[in-house]
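Descriptive analysis of the structure
What follows is each chain in one-letter form.
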Amino acid sequence: MILAKKEGKAFQTLKGHTYDALKIYKEYLRRNFDVVDDFCNRWEIPTEKFIKNTFFTIYLHDIGKITKEFQNNIKKGNRSNKHPHPLYALSIINNIEFDYLLDVPIEVFAILSHHTQLYDNLYADYQQYKKGTFLVDEIKDFIKNTEDAYNTLGFSKFFEFKELKIHEIPKDAKPLKLYKLRRDLWIITKKYINSLSFNEKIKIKSIFSFLFSILQLCDDFASLNFSEYAKNKEGTFDDILENSEIYVPTLNIKSPLLFILKDYKPYKFQKELYNTKNKFVMLFAPCGRGKTEGALLWALNALKNFKRNKIILAMPTQVTSNAMYDRLVKIFGEENVGLFHGKSFIKLKDSKDIEDEEDLEEIRDENFKGNVFFKPITITTIDHVIYSFVHGFSHADFALGNIQSSVIIFDEVHYYEKFTLEHLLTLFDILRKMDIPHLLMSGTLPSFLINCFEGYEIIVDEEGLNYKPFKLEYSENHLICKEGDKWKVNGDIINEIIDNYKKGLSQAIILNTVERAKEFYKAIRDKVPAILYHSQFAYKDRVNKEKEIFNLEKMRNRQNKPYVIVATQVIEISLDMSVDIMYSELSPPDALGQRAGRLHRKGRDWKENGKEYKLKIFLPYKHLPYSKELIEKTLDYIKFYEKPLNYRDIKDFVDDVYKDYNLSIPSDLKLFFDEAILFGRHWTDLATIDDEGKFFKVRDDKFMKIEVVPKVYFDELGENALRAEYMAKIPVYLILNEIKNEEGLIHFYPYEKRIGKRTRRYLICLFKYTYEIGFDYREEEEFEDIL
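Residues numbered from 1 in each chain as written. Predicted model: local features only at pLDDT ≥ 70, side-chain atom pairs only at ≥ 80, totals over all residues. Heavy atoms only, no water.

Secondary structure assignment for the protein chain yields 31 helices and 31 strands. At 29 Å, the protein chain has a C-alpha radius of gyration in line with the 28 Å of a compact globule built from 787 residues. Expressed along its principal axes, the backbone C-alpha trace of the protein chain runs to roughly 90 × 65 × 50 Å. Taken across its 787 residues, the protein chain has 59% of its residues classed as buried. At a minimum sequence separation of 6, the contacts of the protein chain that also span at least 24 residues come to 77%. For the protein chain, the accessible area works out to roughly 33,400 Å², and carbon and sulfur atoms hold 46% of it. Distance between charge centroids for the protein chain: 2 Å, based on 118 positive and 122 negative side chains. (Helix = DSSP H or I, 4+ residues; strand = E, 2+ residues; numbered from the N terminus. Rg over C-alpha atoms; globule rule 2.2 N^0.38 Å. Buried < 20%, exposed > 50% of the residue type's maximum accessible area, 1.4 Å probe, protein only. Contact = heavy atoms within 4.5 Å. Areas by Shrake-Rupley, 256 points an atom, 1.4 Å probe, with all protein chains shown as cover. Lys, Arg positive; Asp, Glu negative; His and termini not counted. Charge placed at Lys NZ, Arg CZ, Asp CG, Glu CD.)

Next up, the structure:
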């Protein structure tokens, strides 16, 4: 009896695991045949052949386990690291006649990489492996049983079976011989791929990742199903999967308009989004006008029109991803909505009651599903989408395969700085070449961005753009500045805020740096109830701050109770809130437009309800974190926009300031994508487990930050404080300044923790830290010089 899986005292046979995996595949085909058929048609490959070859790939993926060594190890509960079954399978498959889909044997590569993903040095170090002894008769019997699996599981409706022809099965798997087989396969494939055009490479990448994702789906969840089934059981089991449909979730919304909008009448732009048959669309609509609802209407119809089965929402930040996840779970249900970003595990854990390790395992499973876009709807960051295309994380090919059958919504595409925007425009070009439908949403849609696109239908919320929800006023004074070594807050503005609060007005004060926001907050906190919000809180504290602000907004709406928030530019797209008056340091016009999206949200006129809604702009103490040139350009134009503004005016403002803005396209994303068509670097060379760039970066960190653990949490919780939710990001210059001193580090000390065979290093920060303020340090004069 050939074994494949072990869970405690329970075993599953290779036949059983393989049949369970094929049951999931059959269910996938049953629910998604149109999706597969459309995919094959657009790449001009025979649908039946794709289905058949994927069947054989799934059937043969674990055939390398039929060795004496693997069978002995699994019975004893030992690992088989020295006898890697995906690599051993190469010796067997090399002796099977196979009618491959492409000139590149992607089916073989899928089997080789189904426990990792392809990269240049996969299985290159043959000396670390040991010789394996094939159980030849058992291998032949297993291959002969393929037709029985085909008939028993009912695949005859999808393709006509053709028996696999086997040449001589080798007696053993010798590491050196396997190395030569693998080396020759790599060399021939790389040479062939390098000879292709970029469009031809894209075809290989798309087809491989799609096939690979189906294999991973079937293998991973057949294994997961057995692990759950076998708990507290003993014995040996064959196929045990009964409810394969739970591993192939689908979204079935019969009436999207009614489902999304309920009894509300759709706006004109929402109708246009719902009715369009264009795969590539741009939406220009202001904040608070139902962009998300319109985007969902487009996506639900696109699933039907373009034969796709998943919706991905790519958000600018982790915070916006969290907020969108909460919103969509209420609409579609938790079972249909996934979430993934660098800290999504914390968010998912925070939303559930954790009682034991089994609960934690369920959250890990949810986080994994988000990672690979398993559910019908997934909310993620643009970083994670981009890393899917360049082997930027351990399951990137699995995720990219699911993207092949998805439609994607990109929120606030104008928001990103130049470096990231160039990556996005390069990504959009790849998506068009892959024929992946996507919608780009913007609140300003600047001309420099429009000029970069061809073939997109532009839909505009004409009605919403005519509203004038606020008046812009500019002052040459500062909200806060330095006199000598001390910060001085504008006393007149403090008094004005106090008076406004007494009148029942909610207000936001936006500073361009964390330090200035903290100092302004300290000056006002004893005079009116206020809350401080910025990016340098520990992650758990940021989440709690967001809840606190949400509750303040709820109290304002229900009881007309005002509040005051002091924040940095993190507020621009992170929070669903609406204030009556906003005080802001001068920033580029697109950032000002985003900040204004938190002012008189959904308002039509700057004078309503007996109030005047105003965006009051003040000179910043310094231009950072923005470029001096950009701040000066904005300053040149701002006086022309001192009036009640609509979003057309804001677009004009953006166009004026950015009229000479040039984007360098394609970015180096294209080079990294080209490198990772099949192979490329190992993912750990490109990014961290938290989707943060190492060799390849999605965002240009002009102001480098580093994660630290506040000492107050370490003193309270010990090593439990080394978890991600207790870490905060602070500027690297704080550490660099201390390193330059002869005394060395004063406010930081390293801490090492042993995790298995690895040692992980942490940095404990001794600056005073509180939930109210965050870290209490003073901005250094060297700040600008270091940057």
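With that out of the way, let us pick up a nonpolar patch on the surface. A cluster of nonpolar side chains, namely L736, I739 and L745, defines an oily patch on the protein surface of about 250 Å² accessible area. Structurally, the position occupied by L736 is in helix α30 (residues 733-740). The exposure class of L736 is partly exposed, given its relative accessible area of 34%. (Patch = residues over 30% accessible without salt bridge, like charges linked within 9 Å, V, L, I, M, F, W, Y side chains within 5 Å. Salt bridge = Lys/Arg side-chain N within 4 Å of Asp/Glu carboxyl O.)

We now examine the sheet that holds strand β19 (residues 530-533). Taken together, the seven strands give an open sheet; going across it, the order is β19-β20-β18-β21-β24-β15-β25, and neighbouring strands pair in mixed fashion. With one partner strand each, in any of the chains shown, β19 and β25 (644-645) form the two edges of the open sheet. Where strand β18 (residues 507-510) meets strand β20 (residues 564-567), four bridges bridge the pair, whose relative direction is parallel. Looking at β20, one finds that A508 is bridged to I565. Relative to β19, helix α23 (residues 539-559) is tilted by about 140°, and along the sheet it contacts β19 and β20. (Pairing = 2+ DSSP bridges. Axes fitted to C-alpha atoms, helices over the stretch in contact; angles between N-to-C directions.)

On to the packing of aromatic side chains. Summed over the entire model, instances satisfying the criterion amount to 54 aromatic pairs. Where F714 meets Y751, the ring centres are 5.0 Å apart and the plane angle is 65°; that geometry is what we call edge-to-face. Taken together, the positions of F714 in helix α29 (residues 711-717) and Y751 in strand β28 (residues 748-755) put the pair 37 residues apart, joining distant regions of the chain. One residue, R289, lies across the ring of Y267, its end atom 3.9 Å from the ring centre. Positioned above the aromatic ring of Y771, the side-chain terminus of K545 is 4.6 Å from the ring centre. (Phe/Tyr/Trp six-rings, centres within 6.5 Å; stacked < 30°, edge-to-face > 60°. Lys NZ or Arg CZ within 6 Å of the ring centre and 35° of its normal.)

In this section: the pairing of β20. Where burial is concerned, the two faces of β20 agree: the one with V564 and V566 and the one with I565 and A567 are both buried. Bridge count between β19 and β20: four bridges; the pairing is parallel. Each bridged residue has a counterpart across the sheet, and for A530 the counterpart in β20 is V564. Viewed along the sheet, the connection from β19 through α23 into β20 turns out right-handed. (Right-handed = clockwise from strand over helix to strand, strands pointing away.)

Mapped onto the elements of the fold, D580 is located in the loop between α24 (571-574) and β21 (581-585). By relative accessible area, which is 1% here, D580 ends up buried. Distance from D580 to F470, taken between C-alpha atoms, is 9.1 Å for residues 110 residues apart in sequence. Other than its neighbours up to four places away in sequence, D580 contacts G504, L505, S506, R556, L599, K611, E612, Y613 and K614.

A word on unusual backbone geometry. In this structure, the amide linkage connecting L624 to the following residue, P625, adopts the cis form with an omega of 10°. With an omega dihedral of 0°, the bond running from I665 to P666 counts as a cis peptide bond. Among the structural elements, P666 can be located in the loop between α27 (647-657) and α28 (669-675). For F373, which is not glycine, the phi torsion reads 60° and is therefore positive. One can find F373 in the loop between α15 (357-371) and β11 (377-381).

It is worth spelling out the packing of helix α26 (residues 628-638) against α27 at this point. Where α26 meets α27, the closest approach of the two axes is 9 Å, and the angle between their N-to-C directions is 130°. One way to sum up the angle between α26 and α27 is to call them oblique. Remark: the crossing between α26 and α27 carries right-handed chirality. Between α26 and α27, the contacting residues are L630, K633, T634, Y637 and I638 on the first element and F653, D656 and V657 on the second. (Parallel < 35°, antiparallel > 145°, perpendicular 65-115°, else oblique. Left-handed = near helix turned anticlockwise from the far one by under 90°.)

Let us look at the packing of helix α9 (residues 198-229) against helix α17 (residues 396-403). Here α9 crosses α17 at 110°, and the two axes come no closer than 7 Å. If you check the angle between α9 and α17, you find them roughly perpendicular. Residue-level contacts link K205, F208, S209, F210, F212, S213, Q216, L217 and D220 of α9 to D397, F398, L400, G401 and N402 of α17.

Summed over the entire model, instances satisfying the criterion amount to 52 salt bridges. The closest approach of N and O atoms between R31 and E27, which form a salt bridge, is 2.8 Å. One end of the pair is R31 and the other is E27, both in helix α1 (residues 14-42) and four residues apart, which spans about a single turn. Because the salt bridges share partners, they merge into one network encompassing D38, R42, K279, R308 and D435.

Strand order in the open sheet formed by four strands is β27-β26-β29-β28, and the pairing between neighbours is mixed. Where the open sheet ends on each side, the last strands, each with one partner, are β27 (728-731) and β28. Across the sheet, the mean angle separating the axes of adjacent strands is 55° when strand polarity is ignored. The sheet contact formed by strand β26 (residues 705-710) and strand β29 (residues 758-765) spans two bridges and is parallel. Each residue of the ladder has a partner; that of V709, found in β29, is I764.

Take a negative patch on the surface next. A contiguous patch of negative charge on the surface is contributed by E629, E632, D636 and D660. Locating D660 in the fold gives a position in the loop between α27 and α28. By relative accessible area, which is 53% here, D660 ends up exposed.

Checked against the element boundaries, A230 lands in the loop between α9 and β7 (234-237). Owing to a relative accessible area of 1%, A230 belongs among the buried residues under this scheme. Linking A230 and I240, residues ten residues apart in sequence, is a C-alpha distance of 9.7 Å. Leave out the neighbours within four places in its chain, and A230 touches E7 and A10.

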